[in-house]
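Each chain, written out:
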Amino acid sequence: MKYTTLPSSFFQKNRQKFAAQMKPNTIAIFHSNDLVADNADSHYRFSQNSNMYYLSGLDQEEIFLVLFPDAPNEKWKEMLFIRETNAHIQVWEGWKYSKEEAREASGVENVHFYGAFDDMIRRMASHFDGIYIDVNEHERNSLTTLSSGHRLARKFREEFPAHQIYRSAPICEALRSVKEDEELVPLREAVQITEKAFRRVLSFVQPGVYEYEIEAEIAHEFLRNRATGNAYDPIIASGGNACVLHYTENKDQCKDGDLILMDFGAEYGNYSADLTRTIPVNGVYSPRQKAVYNAVLSVMRQATALLVPGTLIEDYHKEVGKIMEGELLGLGLIIKKDVEEQEEDSPVYRKYFMHGTSHFLGLDTHDVGNRYEPIKAGMVFTCEPGIYIPDEGFGVRIENDILVTDNGPVDLMESIPIEVEEIEALMRGE
């Protein structure tokens with residue numbers, strides 16, 4: 001692997017935690033993500049199923065993980081089924097896990113080849129009553145094709161109609177939303193790589209460069225520091241492009257006097273960093289740009305302080321909205337009459353700040369977690385307020401990644417330049 005892997009004990013612990021929440025006499029089956037065809041005979045870059053990685057540590061296609069805590073046969077309690085490699089595959093595709101390497105990485109002793117899966121499940125079927133299936137249930141998921149989880153669910157309903165089907169997602173969601181200490185290691189590495197890329201960009205940007213050139217500088221720093229790539233498609237939005245929340249074309253030239261909103265993060269060991277900074281193309285914020293920037297920074301700092309155990313995320317977003325309302329009044333973007341006449345379901349601040357302040361972060365950029373339950377220590381959130389003013393041709397967003405602890409929020413990005421004066425000084429080469 002390009003990255004340093006976590007110890008097998010971490011994945012063993014995760015499997016134990018999952019198994020402890022399974023119903024009696026059931027099995028759980030997890031499958032790696034598919035290789036997705038691009039065009040002709042090529043594929044998109046493989047990205048592992050996050051639950052599979054969390055429970056096995058294996059980062060490869062065509063793998064099954066089976067958990068059967070109450071199995072009558074000790075060898076059935078944990079099993080892996082991996083792709084069988086050969087000389088031809090090694091020549092054309094390179095390294096794949098051997099059985100010994102899969103055991104070492106995952107801590108699962110009983111490793112079989114992928115083709116043995118169906119026969120093994122049929123042998124076991126009369127000894128379990130239900131099957132946990134892993135399906136992507138993220139509330140923002142918009143998958144239109146059948147995933148491996150959906151195919152498995154369909155297969156088992158047809159072949160074992162008398163068995164119950166259960167959902168793995170709620171268990172994985174609860175476990176993954178609270179980070180173990182081991183997970184903070186790759187997460188902090190992703191943050192450090194992201195910081196290096198940002199500092200590189202500060203010395204590169206000047207009037208006349210193109211957004212895609214900035215993206216290239218970021219990619220260069222990611223790759224030379226062993227990131228597995230972008231955690232998500234980077235946003236490099238100069239001028240009015242910053243008012244398009246998911247702008248990823250990154251095609252325009254950066255003009256003197258404009259701001260550039262840059263939202264990017266490295267992925268390291270399958271864990272995601274998520275950073276946003278808004279910097280001046282010419283290295284100096286205008287008085288208006290500085291006022292808006294500092295307003296957003298003030299909201300971010302006050303919002304960060306609210307990310308403590310016991311807070312309800314819905315209440316948190318409402319409180320941040322009130323803070324933003326005050327800043328918008330100070331900037332003259334709204335007036336008291338607007339506030340007095342606003343409707344509860346359509347607060348006036350939404351005209352300039354139309355997205356949420358925070359989301360879960362971890363193995364996925366928009367990681368799993370229940371936003372209707374209180375925040376717990378060990379959770380990691382982004383904190384990313386913004387003000388977008390199309391009429392003035394710019395938008396400002398600032399984003400850091402925050403670890404919730406019993407002793408207050410910990411800013412994982414506290415070393416990344418954020419103050420106006422610091423950014424200007426670095427852009428001057430100081």
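See the structure shown above.
If you're wondering where the values come from, they're calculated on a predicted model, not measured in any experiment.

Conventions adopted
Residues numbered from 1 in each chain as written. Predicted model: local features only at pLDDT ≥ 70, side-chain atom pairs only at ≥ 80, totals over all residues. Heavy atoms only, no water. Helix = DSSP H or I, 4+ residues; strand = E, 2+ residues; numbered from the N terminus. Rg over C-alpha atoms; globule rule 2.2 N^0.38 Å. Buried < 20%, exposed > 50% of the residue type's maximum accessible area, 1.4 Å probe, protein only. Contact = heavy atoms within 4.5 Å. Areas by Shrake-Rupley, 256 points an atom, 1.4 Å probe, with all protein chains shown as cover. Lys, Arg positive; Asp, Glu negative; His and termini not counted. Charge placed at Lys NZ, Arg CZ, Asp CG, Glu CD. Axes fitted to C-alpha atoms, helices over the stretch in contact; angles between N-to-C directions. Parallel < 35°, antiparallel > 145°, perpendicular 65-115°, else oblique. Left-handed = near helix turned anticlockwise from the far one by under 90°. Nonpolar A, V, L, I, M, F, W, Y, C, P; charged D, E, K, R; others polar. Core = buried A, V, L, I, M, F, W, Y, C linked by side-chain atoms within 4.5 Å. Disulfide = S-S within 2.5 Å. Pairing = 2+ DSSP bridges. Phe/Tyr/Trp six-rings, centres within 6.5 Å; stacked < 30°, edge-to-face > 60°. Lys NZ or Arg CZ within 6 Å of the ring centre and 35° of its normal.

1. So, the overall build of the chain
When helices and strands are counted, the chain shows 13 helices and 17 strands. Taking 2.2 N^0.38 as the reference for a compact globule, 430 residues should give roughly 22 Å; the C-alpha atoms of the chain span a radius of gyration of 24 Å, in line with that estimate. For the chain, the spread of C-alpha atoms along the three principal axes comes to 70 × 50 × 40 Å. Per-residue burial for the chain yields a buried fraction of 51% across its 430 residues. Looking at the chain alone, contacts between residues at least 24 apart form 71% of all its contacts between residues at least 6 apart. In the structure as shown, the chain presents an accessible area of about 19,800 Å², 47% of it carried by carbon and sulfur atoms. Separation of charge centres in the chain, based on 44 positive and 70 negative side chains, amounts to 3 Å.

2. Points about the packing of helix H10 (residues 287-305) against helix H11 (residues 313-331)
Following both chains from N to C, one finds H10 and H11 inclined at 155°, their axes separated by 10 Å at the closest point. It follows that H10 is roughly antiparallel to H11 by the angle criterion. As H10 runs across H11, the sense of the crossing is right-handed. Within the contact between the two elements, H10 uses Arg288, Ala291, Val292, Ala295, Ser298, Val299, Gln302 and Ala303 and H11 uses Tyr316, Val320, Ile323, Met324, Glu327 and Leu331. Of the residues in the contact of H10 with H11, the class split is ten nonpolar, two polar and two charged.

3. Description of the nonpolar core
Among the nonpolar cores identified, the biggest contains 101 residues, and Phe18, Ile214, Ile279 and Ile387 are the most heavily contacted of them. Ignoring anything within four residues of it in the chain, the contact list for Phe18 reads Ala28, Phe30, Leu55, Leu67, Ser168, Ile171, Cys172 and Leu175.

4. Concerning the state of the cysteines
All chains considered together, the criterion is met by zero disulfides. With no disulfide of its own, Cys254 lies closest to Cys243 among cysteine sulfurs, the gap being 15 Å. Taking the relative accessible area as the measure of exposure, Cys254 reaches 1% and is therefore buried. Left unpaired, Cys383 is separated from the closest cysteine sulfur, that of Cys243, by 20 Å.

5. Looking at the sheet that holds strand E2 (residues 63-67)
A sheet is described by the order of its strands in space; here six strands give the open sequence E4-E3-E2-E1-E5-E6, paired in mixed fashion. The sheet is open, and its two edges are formed by strand E4 (110-113) and strand E6 (164-167), each paired on a single side. Neighbouring strand axes in the sheet, compared pairwise and without regard to direction, differ in orientation by 25° on average. Of the strand pairs in this sheet, strand E1 (residues 26-31) and E2 are connected by four bridges, and their pairing is antiparallel. Within E2, the position partnered with His31 by the bridge is Phe64. Lying on the sheet, helix H1 (residues 8-19) is in contact with E1, E2 and strand E3 (78-82); it crosses E2 at an angle near 50°.

6. A few points about the packing of aromatic side chains
Under the defined criterion, the tally for this structure stands at 17 aromatic pairs. Ring geometry for Phe360 versus Phe381: centroids 4.7 Å apart, planes at 40°, classification tilted. Remark: Phe381 occurs in strand E13 (residues 380-383) and Phe360 occurs in the loop between helix H12 (336-341) and E13; sequence separation between them is 21 residues. By relative accessible area, which is 2% here, Phe381 ends up buried. An aromatic cluster is built from Phe10, Phe11, Tyr53 and Tyr54, whose rings are joined through pairwise contacts. Between Lys99 and the ring centre of Phe113, over which it is positioned, the NZ or CZ distance is 4.3 Å.

7. As for the pairing of strand E5 (residues 130-133)
Judged by which residues are buried, E5 turns out to be covered on both faces: Gly130 and Tyr132 on one side and Ile131 and Ile133 on the other are all buried. Alignment of E1 against E5, held across four bridges, turns out to be parallel. Bridging across to E5, Ile29 finds its partner in Ile133. Where E5 meets E6, four bridges bridge the pair, whose relative direction is parallel. Its bridge partner lying in E6, Tyr132 is registered against Tyr166.

Spatial relationships are all this shows, so hold off on functional conclusions.
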